[in-house]
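# Breakdown of the fold
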Amino acid sequence: MDCKDFDYYISLYIDDMLEEQDKEELENHLKQCKICRESFQETQDVISMVNSLEPEPVPHGFKDKLFSRMGSGRTLLASPWLRWAGAVAGVLVIFFSIKAVLDTGITDRLATTVTPPGEIAEDAIGEESGVMSFESPAEDEAAMEVDDTGYADIQEEVLRDEDGVDIISKEQPRAEISEIQSDVVEVYVQDICITPETLKFIAIDNELELIGSDENSIDIKVSSQEDRSIIYHELSKLGEVKDIGENMDNDQVKIIIRAGE
Amino acid sequence: MNIESQLIKRSIDGDMDAFEELVLLYDKQIYNYCFRMTNNAEDAEDLAQEVFIKVYRSLGSFKSESKFSTWIYRIAHNTCIDNHRKKKFRLLSLSPREENDRQMNVPDREPLPEDQMVSREKYDLIKECIAELKPDYKSIIILRDIQNYTYQEIADILNIPLGTVKSNISRARALLRETLKSRLAGYDERRVK
């Protein structure tokens, strides 16, 4: 092991999260290596500085503003019949929207993939009532640079995996990157925050061309295998991905958001 | 049944007084989480309120075998990440000039005695360094080093494997340490001059 590996252990050592053998190894190394001893001390200093940050006071009137924003939500939850009426209205709106799409026969493809109205309606109600165990993005082994844009580039991640220089990828090999095969994909999400809008942002982030969207799906143009891989990678961060289309040659992919279990 | 569980149950039944008490139990933590994630009081207030609205709407689906604190932090984390995405998209449409103006917008401060200034500036530096981390590292530093959650609790909140928590904590701290070190070096040079 070199100093870089030991640097990774320092933080875990401070939190007493190291295995006994690694702990001994690090302690021996620290006795000999001045640079790592300094890093150890500096890491401890940073932790105590962060820990001493004073909490910010909650703004005055926070609760009042919250409850005034919640005005309608309050009535909705308190009155069961209103909830029921809302759910029925939602079902009807979705039913007629889908019926309209099917009647106009916009695309044959859509007609073959759309779920029966009843099923979609159930999803919609589930979403409204908030199935929230919240699937957040899975692993993100991103670079160690300060990234003010936030999200690491997919290609960079793949390259790092292939290089295998990353400490983490040595420890926990990332699952092989897969890709979208067909033209229709379902993503089962548990987070009600994830909407077609979220997918649009992801598409824009990854410079994928957006073709269209509706209340629970978006259509994206795919021009390469790489695009298919990016889509798969991004969607798998949101939830379980199911490739359900039959056409393997289409240059468009429809991504349908479904409520996860 | 503990007080928190009772408050949850009563809130599900539509008791707004109970929900208000629940808000009071968590408002400081959730507001502070959103504040550190956004480094902006206005955004933090807006996001924290969004979190509580989502909590209220989704209480019915909260499973009592899970920890409420984990659940609410998870909602807060997802809300902040979603906001970050939207914001990043909006920033793309800003001109570079406007973006620079935003970054250069340093608030005016009252002059301070020398000692106080040193500690306050260092304090501000660490806040700036945290604010510059990417969201995944930022959240892990907030949860571990500010709010003192265990590795397992963080894994549950962020829904990532324990191994990823370990590596992200190590990387985030190392990055914070190095960024702070270089900033402090620049700061000390300025002080000498």
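Everything that follows concerns the structure shown earlier in this document.
Numbering of residues starts from 1 in each chain and follows the order in which that chain's sequence is written. Chains carry letters and ligands carry numbers; both start at the beginning, A for chains and 1 for ligands, and go up in the order they are written. In keeping with the predicted nature of the model, local features appear solely for residues at pLDDT of at least 70, side-chain atom pairs appear and are counted solely at 80 or more, and the whole-chain, interface and lining totals rest on all residues. The basis for every side-chain value is the complete set of heavy atoms in the structure, and neither hydrogens nor water enter the calculation.

### A short note on the nonpolar core
- As used in this record, nonpolar core signifies buried Ala, Val, Leu, Ile, Met, Phe, Trp, Tyr and Cys residues forming a set joined through side-chain atoms within 4.5 Å. We call a residue buried when its accessible area falls under 20% of the maximum for its residue type, exposed when it is over 50%, and partly exposed in between, using a 1.4 Å probe and counting protein chains only. In terms of nonpolar packing, the biggest core is built from 74 residues, with Phe19, Ile30, Phe52, Val55, Phe68 and Ile140 of chain B touching the most fellow members.
- A helix here means a DSSP run of H or I that spans at least four residues, while a strand means a run of E at least two residues long, and both kinds are numbered starting from the N terminus. A per-element tally of this core places helix H2 (residues 16–38) of chain B first, with 12 residues.
- Only heavy atoms matter for contacts: two residues are in contact if any of them lie within 4.5 Å across the pair. Those residues in contact with isoleucine 30 of chain B that lie beyond four places of it in its chain are Ala48, Val51, Phe52, Ile72, Tyr73 and Ala76 of chain B.
- Val189, Ala203, Leu235 and Ile255 of chain A belong to the second-largest nonpolar core, a separate cluster that totals 20 residues.

### Examining the pairing of strand S3 (residues 217–221) of chain A
All names here are of chain A.
- Of all 5 residues making up S3, 4 are buried, and the element is well covered by its neighbours.
- Strand pairing is defined by DSSP finding a minimum of two bridges between the two strands. Across 4 bridges, the pairing between strand S2 (residues 209–213) and S3 is antiparallel. Across the sheet, glutamate 209 pairs through a bridge with lysine 221, a residue of S3.
- Taking the residues between adjacent antiparallel strands as the criterion, S2 and S3 are bridged by 3 residues.
- In this structure, S3 lies alongside strand S5 (residues 252–259), joined through 5 bridges in antiparallel fashion. In the sheet register, isoleucine 220 faces S5, and the bridge partner there is valine 253.

### Some details on unusual backbone geometry
All names here are of chain B.
- Of note, the phi angle at asparagine 39 is positive, near 60°, even though the residue is not glycine.
- Looking at the secondary structure, you find asparagine 39 in the loop between H2 and helix H3 (41–58).
- Residue classification places asparagine 39 among the partly exposed positions, given a relative accessible area of 40%.
- With phi around 55°, asparagine 159 is a residue other than glycine that occupies positive phi space.

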